[in-house]
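Below are the chains, spelled out letter by letter.
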Amino acid sequence: MATLNTTDDLLRLVREDSEFRAAMRRELLTAELLEVPNRLTMLEQGIAALLEHAKATNRRLDSLDSIEEEIKEMKRSIDGLGASFRDEVKAQSSYRGAHAQTAAYKDNRDIAWLFASKHGLRRVKTHRVSSSRLEDWLTDNAELVEALNLRERAWRTFPQPDIIAEVRDLKAARDAAPAYYIAVEASYTVEKEDIVKATDHAKIVHAVTGLSAYAVVAGVNMDDEMDKETQGRLYSDVERFVDANDPEATYWYRLDSADLRPPEPR
């Protein structure tokens, strides 16, 4: 080994002799410091593992975001189908309601004939009362109608009924006095509102003309959620209906559902 006389001799030996340099390191550095390189290596490996885990987590989150977006898209599609279905139901309901009114109008003579025997008539003819004439009735008889204490809505629905018709003997002149009237409201499914409208209109006609006015609802079926009290006002037997002589009662004229079925989709 070279003679060490100065500091420079020591530094030169440290630089040139690896064994001496290692021995000096062991003497001068603590065990903890000697472990620093290994710990740094382990730390780097740990950081790398965390970064990889973070990448994997991000990939899963991206996948979840994609799934969430797909779910949202499916929900939008389902909502769209639901809206289409509701529109279709409304369209069919409107179709059936309109055709129920048409069917009732076509059958208005048959409806009127049901009450003919009560007035000594065998054959009858009908004439629909126009909206303008109904408005005149309200205008000219406002105090009389007010005295009936009907709901406010009756003043709006009366000039726009489904059917209010005069009924005469078939052989009577067109300008002859009517024998009686029918007040008809038509719906595919008979609801409480149909019954109330029909009775409101019949009460007004009777008050204004002094003649019998029969309240009739024309429909295929009855609302299954209708309350018992309202159901009790609905008659399917014409004799019982007439004998009841109840201004709150209506006669149910049943329409054939086959005539009101919407066309099949093409």
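Position labels on residues start from 1 in each chain and follow its written sequence. Local features in a predicted model are, by the rule used here, given only for residues with pLDDT of at least 70; side-chain atom pairs are given and counted only at 80 or more, and totals for whole chains, interfaces and linings are based on all residues. Each side-chain value is worked out from all heavy atoms of the structure, with water and hydrogens disregarded.

In this description a helix means any DSSP run of H or I spanning at least four residues, a strand means any run of E spanning at least two, and both kinds are numbered starting from the N terminus. Within the chain, the secondary structure is distributed over 10 helices and eight strands. For the chain, with 266 residues in total, the buried portion stands at 31%. Put simply, 69% of the contacts in the chain that link residues at least 6 apart link residues at least 24 apart. Taken as a whole, the chain presents about 17,700 Å² of accessible surface, with 51% of it coming from carbon and sulfur. Throughout, exposure labels follow a simple rule: accessible area from a 1.4 Å probe, protein chains only, divided by the maximum for the residue type, with under 20% read as buried, over 50% as exposed, and the rest as partly exposed. We call two residues in contact whenever any of their non-hydrogen atoms come within 4.5 Å of each other. All accessible-area figures derive from a Shrake-Rupley calculation using a 1.4 Å probe, and residue coverage is judged against the displayed protein chains alone.

What follows covers the nonpolar core. Remark: nonpolar core denotes a set of buried residues (Ala, Val, Leu, Ile, Met, Phe, Trp, Tyr, Cys) joined through side-chain atoms within 4.5 Å. The biggest cluster of nonpolar side chains holds 27 residues, and the ones touching the most others in it are F115, Y180, I182 and F241. Every element with two or more residues in this core is listed here: α4 (108-113), β2 (163-169), β3 (180-186), β5 (213-219), α10 (238-244) and β8 (250-254). Sequence-distant contacts of F115, that is, excluding residues within four places in its chain, are made with Y180, I182, Y214, V216, V238, F241, V242 and Y251. Formed by 24 residues, the second largest nonpolar core is a distinct cluster that contains W137, L150, Y181 and A213.

Positionally, R168 belongs in strand β2. By relative accessible area, which is 7% here, R168 ends up buried. In terms of polar contacts, R168 uses its side chain to reach the side chain of E166, at 2.9 Å. Here a polar contact is taken to be a pair of N or O atoms separated by no more than 3.5 Å, where protein atoms must pair a possible hydrogen donor with a possible acceptor and residues adjacent in sequence count only if both atoms sit in side chains.

This paragraph deals with the sheet that holds strand β7 (residues 234-235). A pair of strands is treated as paired once DSSP finds two or more bridges between them. On the basis of which strands lie adjacent, the open sheet formed by six strands has the order β1-β2-β3-β5-β8-β7 and mixed pairing. Each of the sheet's edge strands pairs with one partner strand only, and the pair in question is β1 (124-128) and β7. As paired strands, β2 and β3 are joined by five bridges and run antiparallel to one another. Bridged to V167 within β3 is Y180. The axes are straight lines fitted to the C-alpha atoms, using for helices just the contacting stretch, and the angles between their N-to-C directions are given from 0 to 180°. Sitting on the sheet, helix α8 (residues 192-209) touches β2, β3, β5, β7 and β8, and the angle it makes with β5 is about 155 degrees.

Attention shifts here to α8. The terminal C-alpha atoms of α8, which comprises 18 residues, lie 26 Å apart, in line with the 26 Å expected from a rise of 1.5 Å per residue. Within α8, 13 of the 18 residues are buried, which leaves it mostly tucked inside the rest of the structure. One or two positions beyond α8, positive phi appears at G210, with a value near 80 degrees. Given a helix with a known number of residues, its expected span is that number minus one, times 1.5 Å.

Moving on to the pattern of salt bridges. Salt bridges are defined as contacts in which a side-chain nitrogen from Lys or Arg sits within 4 Å of a carboxyl oxygen from Asp or Glu. Tallied over the entire structure, the rule returns 10 salt bridges. Linking R153 and E193 is a salt bridge whose minimum nitrogen-to-oxygen distance equals 2.8 Å. Here the residue R153 occupies a position in helix α7 (residues 153-157), and E193 occupies one in helix α8, the gap between them amounting to 40 residues. Classification of R153 as partly exposed rests on a relative accessible area of 34%. A relative accessible area of 28% places E193 in the partly exposed class. Linked through salt bridges whose partners overlap, the residues forming this network are R151, R153, E193 and D200.

Inspection of helix α5 (residues 131-140) places L134, W137 and L138 among the buried residues, and these make up the whole buried set. Angularly, the buried residues of α5 cover 95 degrees about the axis, an arc narrow enough to put them on a single face. In α5, the exposed residues that point more than 90 degrees away from the buried face are T139 and D140. Buried residues belonging to α5 abut α6 (142-146), α7, β2, β3 and α8. This arc describes the spread of directions from the helix axis toward the C-beta atoms.

Time to look at unusual backbone geometry. A positive phi angle, close to 55 degrees, is found at N149, a residue other than glycine. Of note, N149 is situated in the loop between α6 and α7. Under the relative-accessibility criterion, N149 is labelled exposed at 68%. Positive phi values are uncommon outside glycine, yet N245 reaches one of about 50 degrees. With respect to the helices and strands, the residue N245 is situated in the loop between α10 and β8. A relative accessible area of 66% means that N245 is categorised as exposed.

A word on the side chain of D194. Its location among the elements puts D194 in helix α8. The charged-residue count follows a simple rule in which Lys and Arg add positive charge and Asp and Glu add negative charge, with His and chain termini not counted at all. Summary of buried charges: D194 has no salt-bridge partner, and the nearest side chain of opposite charge, K197, is 5.4 Å away. Within polar-contact distance, the side chain of D194 engages the backbone nitrogen of E191 at 2.8 Å. Once residues lying within four places of it in the same chain are set aside, the contact partners of D194 are E185, S187, T189 and V217.

The quantities given are spatial measurements derived from coordinates; they are silent on function.
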